Amino acid sequence: MEFRLSLVLFLVSLPAILAQDFGKTNNVENVKVVVNGILAVARVDNNFVCATIDWWNHEKCDYGQCPWGNASALNLNLSHPLLAKSIQAFNQLRIRIGGSLEDQLLYDVGNLKYPCHPFRKMKGGLFGFSRGCLTMSRWDELNQFFSKTRSIVTFSLNALLGRHHKGGGVWVGDWDSSNAYDFIKYTVSKRYQIDSWEFGNELSGSGVEASVGAGQYGRDLIKLKRIINHLYNESVAKPALMAPGGFFDQSWFARLLQVSGSGTVDIISQHLYNLGAGVDPMLVKKILDPHYLDRAYGSFHDLEQTVKKNGPWASIWVGESGGAYNSGGRNVSDTYVNSFWYLDQLGMSAKYNTRVYCRQSLVGGNYGLLNRTSFVPNPDYYSALLWHRLMGRGVLSADNNGSADLRTYAHCTRGRAGITLLLINLSNETNFIVNIENVLDTDLGAQARNVSKESNFKRSLKRTVSWVGRKALDEAIYREEYHLTPKDGDVKSKTMVHNGAPLEITKDGNIPELEPSRVDMKAPLRISPLSIKFVVLPFFDAQACL
């Protein structure tokens, strides 16, 4: 009885408390978020978060700036301690090595017919560059680094070798597999762990600078699959085959799957740069516009349906996505505001069975997760790290009845019971007070009929505790919150603030700890303007997460 009286008094006084807290600041909107934990709407890979290492060198320039420096896979400083620590913090980060120049990359092994030299600026070359070459000594160094950091590696192969340029960006002819064969053979002989081999970069549909027909591409994939099966014949684990690493074109992707046939392609990968050009002065406005962000839903939905119809054996990845293309937006892609786009797209893509999402890039360009010279993490690094640590494989429906400015995503919590809710507030003036409900107690017909016979007090009490697994109400129950805001309130700050403390490298050169705030469940759940919050609910009753 004492507890019931306390609960009633708390509920009665709640409006006054909230008015006292927010009355002097911004708008306040009460929102209901209904989470369906009965059945997962999708499932992602255990290592959903992925980052890319590209081949671009210091000569890659866009809009009068050259933001790549020594970030290429050919010369990245693998001995820098902060680079290794930033990867190790994930306890296995998935890394894709690939990018625009990969279809001009040769491997210095076997009977290579061409001279081996780095990429160089060249008039008339694809993307304005010559062919480049990966030496096996550098490949050894990369694999030693990947082994040290326990990275999960995808390597994207040159898919243009042997073809000839027909004109208009179209390339024809059979793929010359000899150099790739020798490279994969060397990799197998050294027992380097490759999780997947990808074939080509942005050659699908009309392509970017170059394109290959879907029928030809499919036949070449059959050839590559045979090579992988042959060279890994005695291996315990066989790498997956991924393609095409390009922008989605429905008819082209469907044809590729039809020609290559069942079981050839294990992973269908698409690229996505939905924010447009990095030089666009409207980038920040686009990132904070929920209706603009929603446009990406079409790509995820349409690819999912295409794969279901034409290649249900294949899983789906975003093989590369940097938001804004041409190296990203200067002083935007490496700042706090970019996390609104990034986390929103992680949540959105997961709902459409995207198993892995590779961010362009780990280092390099304006969109690197790490600064290209110091390797100090940019804000999106911490967003990626929190997602990786908190958001598990099961994707749950999380619908809200509030403004479009509030984005809500829910997953089973990684590695433990309960769920994690991601709240993204795109509004610059509205505080949202979030009330969480469990669909178990709101939408099940039988339960709804039973509830109608209960007393008003019992119904209220049941709603209050439904989502915490019906633990005894007199027990102390807490949630965990990770609240992300920009330093000094500047959304273009390059320093992210976590639970009130700036995220900076520690004095001993380590990635800072990301400890949550433990909040009594009876306290209102708030999300302030232009902020992001991960909320771990360890006692949420979610059957899909058992």
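Residues numbered from 1 in each chain as written. Predicted model: local features only at pLDDT ≥ 70, side-chain atom pairs only at ≥ 80, totals over all residues. Heavy atoms only, no water.

The name given to the protein chain in an unreviewed UniProt entry is Heparanase-like protein 1, and the organism recorded there is Pyrus ussuriensis x Pyrus communis. Under the UniProt heading Sequence similarities (unreviewed entry), the note attached to the protein chain is "Belongs to the glycosyl hydrolase 79 family." According to its UniProt record, the protein chain has this under Function (unreviewed entry): "Endoglycosidase which is a cell surface and extracellular matrix-degrading enzyme. Cleaves heparan sulfate proteoglycans (HSPGs) into heparan sulfate side chains and core proteoglycans." (UniProt positions renumbered as here; feature names shortened; annotations may be inferred.)

K.L.:
How should I be thinking about the state of the cysteines in this particular structure?
P.N.:
Two cysteines joined by a covalent bond between their sulfur atoms form a disulfide. Applying the stated criterion to the full structure yields four disulfides. The disulfide partner of Cys116 is Cys133, and the gap between their sulfur atoms is 2.1 Å. Classification of the bridge connecting Cys116 and Cys133 rests on its S-S torsion, roughly -95 degrees, and on that basis the disulfide is left-handed. With Cys116 in the loop between β5 (105–108) and β6 (132–135) and Cys133 in strand β6, this residue pair connects regions lying 17 residues apart in the sequence. Residue Cys116 is classed as partly exposed on the basis of its relative accessible area, which comes to 32%. Look at Cys133 and you get buried, because its relative accessible area is 5%. (Disulfide = S-S within 2.5 Å. Helix = DSSP H or I, 4+ residues; strand = E, 2+ residues; numbered from the N terminus. Buried < 20%, exposed > 50% of the residue type's maximum accessible area, 1.4 Å probe, protein only.)

K.L.:
Where do I start with the environment of Lys492 in this structure?
P.N.:
The residue Lys492 is located in the loop between β22 (478–486) and β23 (496–498) in this model. The spatial distance from the C-alpha of Lys492 to the C-alpha of Thr335 is 5.1 Å, given a sequence separation of 157 residues. When residues no more than four places from it in sequence are discounted, the contact partners of Lys492 are Val284, Asn331, Val332 and Thr335. (Contact = heavy atoms within 4.5 Å.)

K.L.:
Hey, could you run me through a nonpolar patch on the surface in this one?
P.N.:
Among the surface-exposed residues, Tyr63, Val279 and Tyr325 lie close enough to one another that they form a single nonpolar patch of about 280 Å² accessible area. Note on placement: Tyr325 falls in strand β16 (residues 324–325). (Patch = residues over 30% accessible without salt bridge, like charges linked within 9 Å, V, L, I, M, F, W, Y side chains within 5 Å. Areas by Shrake-Rupley, 256 points an atom, 1.4 Å probe, with all protein chains shown as cover. Salt bridge = Lys/Arg side-chain N within 4 Å of Asp/Glu carboxyl O.)

K.L.:
Help me out: how do you make sense of the packing of aromatic side chains in this one?
P.N.:
Under the criterion given, the structure shown has 26 aromatic pairs. Between Phe199 and Tyr217, the ring centres sit 5.3 Å apart and the planes meet at 70 degrees, which makes this aromatic pair edge-to-face. Here the residue Phe199 occupies a position in strand β10 (residues 196–199), and Tyr217 occupies one in helix α5 (residues 214–231), the gap between them amounting to 18 residues. The residues Phe199 and Tyr217 share a single accessibility class, namely buried. An angle of 85 degrees between the planes, with centres 5.3 Å apart, marks the rings of Tyr381 and Tyr382 as edge-to-face. Overall, the relative accessible area of 1% leaves Tyr381 in the buried class. Ring pairs connect the aromatic residues Trp55, Tyr107, Trp139, Phe155, Phe183, Tyr192 and Trp197, which therefore count as one cluster. (Phe/Tyr/Trp six-rings, centres within 6.5 Å; stacked < 30°, edge-to-face > 60°.)

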